[in-house]
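# Commentary on secondary and tertiary structure
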Amino acid sequence: MVSDELEGMRILVTSPSGTSPRLAASLGAMGAEVVELPMITFQPVSDQAPVARAIAGLHGYDIVVFTSATAVEALVMAATDAGAPLLQVAANGTGGPEVVAVGPATAEAARTRGFDCREVPKEFSGEGLAELLTSRDMRGQRILIPRAGAGGEELPAALRKAGAEVDVVALYRTLPDPNGQTELPGLLGSRLDMVTFTSGSAIDSFIIAAGPEFRRPQGMEIACIGPSTAKAARAARLEPDVVASEHTVAGLVAAIRQHAVASKSSRAG
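Thresholds, definitions, all that
Residues numbered from 1 in each chain as written. Predicted model: local features only at pLDDT ≥ 70, side-chain atom pairs only at ≥ 80, totals over all residues. Heavy atoms only, no water. Pairing = 2+ DSSP bridges. Helix = DSSP H or I, 4+ residues; strand = E, 2+ residues; numbered from the N terminus. Axes fitted to C-alpha atoms, helices over the stretch in contact; angles between N-to-C directions. Contact = heavy atoms within 4.5 Å. Patch = residues over 30% accessible without salt bridge, like charges linked within 9 Å, V, L, I, M, F, W, Y side chains within 5 Å. Areas by Shrake-Rupley, 256 points an atom, 1.4 Å probe, with all protein chains shown as cover. Salt bridge = Lys/Arg side-chain N within 4 Å of Asp/Glu carboxyl O. Lys, Arg positive; Asp, Glu negative; His and termini not counted. Charge placed at Lys NZ, Arg CZ, Asp CG, Glu CD. Buried < 20%, exposed > 50% of the residue type's maximum accessible area, 1.4 Å probe, protein only. pLDDT = per-residue confidence, 0-100. Core = buried A, V, L, I, M, F, W, Y, C linked by side-chain atoms within 4.5 Å.

All right, on to the sheet that holds strand 4 (residues 63-66) then. With mixed pairing, the 6 strands of this open sheet are ordered in space as 3-8-7-4-5-6. Since the sheet does not close on itself, it has two edges, and those belong to strand 3 (40-44) and strand 6 (117-119), each with one partner. Within this sheet the neighbouring strands show an average axis-to-axis angle of 35 degrees, counted without direction. In the sheet, strand 4 pairs with strand 5 (residues 98-101) via 4 bridges, with the strands oriented parallel. Counted as the bridge partner of V65 is V100 from strand 5. Against the sheet, helix 3 (residues 69-81) contacts strand 3, strand 4, strand 7 (142-148) and strand 8 (165-176), and its axis sits at roughly 100 degrees relative to strand 8.

Below, the structure is given as structure tokens:
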């Protein structure tokens, strides 16, 4: 559906390639001029032995926890490369582990890949996952968390404290996108009404590419997909103007639209 709520806005989308097209298309459908420049990319970890062991022993886990759609894809790719495709790993009926995802987008990615993912936390974050899982009896539960190599320790620590046996397996590294690093300085010399961020890693890469002398130009607004990303933005002195209450791409788009409509009404008044 095409509308004009964002007409006249020039918006930079910094998300990685898997998310960027969906976000860009949604913003463009509302009239925005969208510039796509991913700030991060992903690379498999060099040591694949822990990944191979986790895949081989997948059915020995009680719960698999996915903290991002990227982790879902990375696990499936690693399994395919190892000659052990992950198909129809379900919570019921196949003897496979229960699958829990951080939010609806990650859950949908898991279901698309054959995982029977039925539960997400009320708050789409690591803290939300910890609250959801520790509301049960975790004693003796074997839990696999496949994720990026530099993930936080709050979730594994909370699960271990609750009595679970937790294996955190690094599948990939998050790296600054070379193209983004090269092109961002020139882009910052042009008008940008808004910059969108869907991860703290993208913010870190943005700041590196922008350079030590970068100061946020007047008129450039910052939109973040959720509170964790907003926290990273504030740490980088990029105070967010928009923080999505639903921590998904659709939620971010809705928050940007609502903010734009309110801003136009304010100016008209």
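After that view of the structure, there is still more to cover.
A cluster of acidic residues, E123, E127, E131 and E154, forms a negative patch at the surface. Here E154 is to be found in helix 6 (residues 154-161). According to the relative accessible area criterion, E154 is exposed, its value standing at 58%.

Inspection of the secondary structure assignment puts R147 in strand 7. On the accessibility criterion, R147 (8% relative accessible area) is buried. Each residue touching R147, except ones within four places of it in the same chain, is listed here: T67, A71, G152, E153, P156, V168, V169, A170, L171 and Y172.

Turning next to the pairing of strand 7. Counting buried residues in strand 7 gives 6 out of 7 residues, a clear majority hidden from the surface. Strand direction decides the pairing type here: strand 7 and strand 8, joined by 7 bridges, are parallel. Along strand 8, the bridge assignment pairs R142 with E165.

Another point: the confidence of the model for the protein. Considering every residue of the protein, the mean pLDDT works out to 90; 94% of them sit at 70 or more. With pLDDT under 50 throughout, residues 88-93 is counted as low confidence; its partners more than four residues away or in other chains account for 16 contacts.

The final tally for this structure, using the stated rule, is 14 salt bridges. Linking E108 and R111 is a salt bridge whose minimum nitrogen-to-oxygen distance equals 3.6 Å. Residue E108 and its partner R111 are both found in helix 4 (residues 104-112); the two are separated by 3 residues, about one turn of the helix. For E108, a relative accessible area of 43% corresponds to the partly exposed category. For R111, a relative accessible area of 40% gives the class partly exposed. Here the salt bridges share partners, and the residues they tie into one network are E98, E119 and R136.

Take the environment of G251 next. Relative to the helices and strands, G251 is located in helix 10 (residues 249-268). Remark: the alpha-carbon pair of G251 and G186, spanning 65 residues in sequence, is separated by 30 Å. Excluding its chain neighbours within four sequence positions, the residues that come into contact with G251 are A244 and E246.

Our focus in this paragraph is unusual backbone geometry. Positioned with a positive phi, R237 is a non-glycine residue whose angle comes to about 65 degrees. Along the chain, R237 turns up in the loop between helix 9 (227-235) and strand 11 (242-243).

Now for the sheet that holds strand 2 (residues 33-36). Spatially, 2-1-9-10-11 is the arrangement adopted by the 5 strands of the open sheet, whose pairing is parallel. Both edges of this open sheet fall to strand 2 and strand 11, since each of them pairs with a single strand only. Sheet topology note: the strand 10 (residues 221-224)/strand 11 ladder contains 2 bridges and is parallel. Note on strand 11: the bridge partner recorded for A223 is V242. Its contacts with the sheet place helix 1 (residues 20-28) against strand 1 (10-13), strand 2 and strand 9 (194-197), and it is angled at close to 165 degrees to strand 2. Running at roughly 145 degrees to strand 10, helix 9 makes contact with strand 9, strand 10 and strand 11 of the sheet.

It is worth spelling out helix 5 (residues 126-134) at this point. When helix 5 is considered as a whole, its buried residues turn out to be G128, L129, A130, L132 and L133. Here the buried face of helix 5 lies against strand 4, strand 5, strand 6 and helix 6.

This next bit is on the nonpolar core. Generally speaking, soluble globular proteins have nonpolar side chains that are buried together. Counting 27 residues, the largest nonpolar core has V51, F66, F115, L144 and L171 as its most contacted members. At the level of secondary structure, the elements contributing two or more residues to this core comprise helix 2 (49-56), strand 4, helix 3, strand 5, helix 4, strand 7 and strand 8. The leading source of residues in this core is helix 3, at 7 residues. Excluding anything up to four places from it in sequence, F66 contacts A71, V72, L75, V99, V100, A101, V102, T106, A110, F115, L129 and P146. Ranked by size, the runner-up nonpolar core spans 23 residues in total, among them V35, M39, A202 and F214.

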